[in-house]
Amino acid sequence: MPYSSIKKKTDFNQIIYLRAKLQNRICSFFESSLTHVYLIITNILLLFASCQDAESVKLQVYISEGQRLYEQKCANCHQKDGTGLRKLIPPLAQADYLIKNKDQLACIVKYGISGEITVNNQNYNLSMPSNEGLSDRHIAQILTYINTKWAGAQVRTSDEQVKERLKQCK
Ligand code: HEC
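Right, let's walk through the structure included here.

**Section: the overall build of the chain**
Now for step 1: Secondary structure assignment for the chain yields six helices and two strands.
Now for step 2: A compact globule built from 170 residues would reach a C-alpha radius of gyration of about 15 Å, whereas the chain, at 33 Å, exceeds it by more than 25%.
Now for step 3: The C-alpha extent of the chain, read off along each of the three principal axes, is 115 × 25 × 25 Å.
Now for step 4: Out of the 170 residues in the chain, the part that is buried amounts to 18%.
Now for step 5: Nonlocal contacts in the chain, meaning residues at least 24 apart in sequence, comprise 56% of its contacts between residues at least 6 apart.

**With respect to the site of the ligand**
Now for step 1: Around the ligand sit 29 residues, and of these C74, C77, P90, Y97 and M128 come closest.
Now for step 2: Going through the elements one at a time, α2 (75-78), α3 (96-100), α4 (105-111), β1 (117-119) and α5 (136-150) are the ones with two or more residues in the shell around the ligand.
Now for step 3: Among the residues forming the shell around the ligand, the class breakdown is 21 nonpolar, seven polar and one charged.

**Quick look at the nonpolar core**
Now for step 1: Core analysis: the largest hydrophobic core is formed by 17 residues, its most contacted members being A106, V109, I139, I142, L143 and I146.
Now for step 2: At the level of elements, α1 (3-73), α4 and α5 are the ones that each hand at least two residues to this core.
Now for step 3: With six residues, α5 is the largest single contributor of residues to this core.
Now for step 4: Apart from residues no more than four positions distant in its own chain, I146 is found in contact with Y70, L92, L98 and A151.

**Brief notes about α5**
Each α-helix winds once per 3.6 residues, and so residues spaced three or four apart point in a common direction.
Now for step 1: For α5, with 15 residues, the first-to-last C-alpha span of 21 Å sits near the 21 Å given by 1.5 Å per residue.
Now for step 2: Among the residues of α5, those classed as buried are H138, I139, A140, Q141, I142, L143, T144, Y145, I146 and N147.
Now for step 3: Positive phi shows up at G152, right after α5, with a value of about 70°.

**Details of unusual backbone geometry**
Now for step 1: Of note in this structure, Q79 is not a glycine but carries a positive phi near 75°.
Now for step 2: Relative to the helices and strands, Q79 is located in the loop between α2 and α3.
Now for step 3: By the C-beta count within 10 Å, which is 15 here, Q79 ends up partly exposed.
Now for step 4: Backbone geometry places N121, a non-glycine residue, at a positive phi of 65°.

The rules we used
- Residues numbered from 1 in each chain as written.
- Predicted model: local features only at pLDDT ≥ 70, side-chain atom pairs only at ≥ 80, totals over all residues.
- Helix = DSSP H or I, 4+ residues; strand = E, 2+ residues; numbered from the N terminus.
- Rg over C-alpha atoms; globule rule 2.2 N^0.38 Å.
- Buried ≥ 20, exposed ≤ 12 C-beta atoms within 10 Å, placed from the backbone.
- Contact = placed C-beta atoms within 7 Å.
- Near = placed C-beta within 6 Å.
- Nonpolar A, V, L, I, M, F, W, Y, C, P; charged D, E, K, R; others polar.
- Core = buried A, V, L, I, M, F, W, Y, C linked by C-beta atoms within 7 Å.
- Expected span 1.5 Å × (residues − 1).

Note that every value here comes from positions in space, so none of it alone points to a role or purpose.
Shown next, in the form of structure tokens:
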């Protein structure tokens, strides 16, 4: 083979080689930035998932603390299963009153309630004592327990919600 054609072939190989190299660089640039994008997305998802996890753990804590407090402070009258006591103490389990008066519950738990009230079409007229020693958190836990167990709620009542509602007690 004459020298010139060998040189041409080398040049040609050189071009192919350079092109391949360039292509490789471009690809690896895109691949690495894609990897970054994936990493960022996965991290955001993980972060979101762990926030959700934290909230569901909190919900479980409020439910179990709420149950403990309920059994200590409320079950004597409303009964452990929330069914109340005949025509004297109204039920909490499946009570329409709980759903209709959601915003009043914190005040009822803290300051008690008296006068005639109607729960599931039955009138009651005795007084419920106050629980002024309970903190906002304790009230939030009790409400989380009764609302998730008997009023179909899926979420936690927060301490802040209780604090806000208590400002509006009459
Ligand atoms: C000494 C008995 C007694 C205790 C203890 C008691 N309650 Fe009551 N509760 C009553 C009575 C009686 C009424 C109805 C008052 C009326 O007729 O106005 C009532 C009413 C209620 C109501 C509104 C009506 C309904 O059935 O939805 C809620 C909610 C309630 N109580 C929650 C609680 C919670 C939560 C506790 C515990 C922190 C508690 N009670 C402790 C006697 C009690």
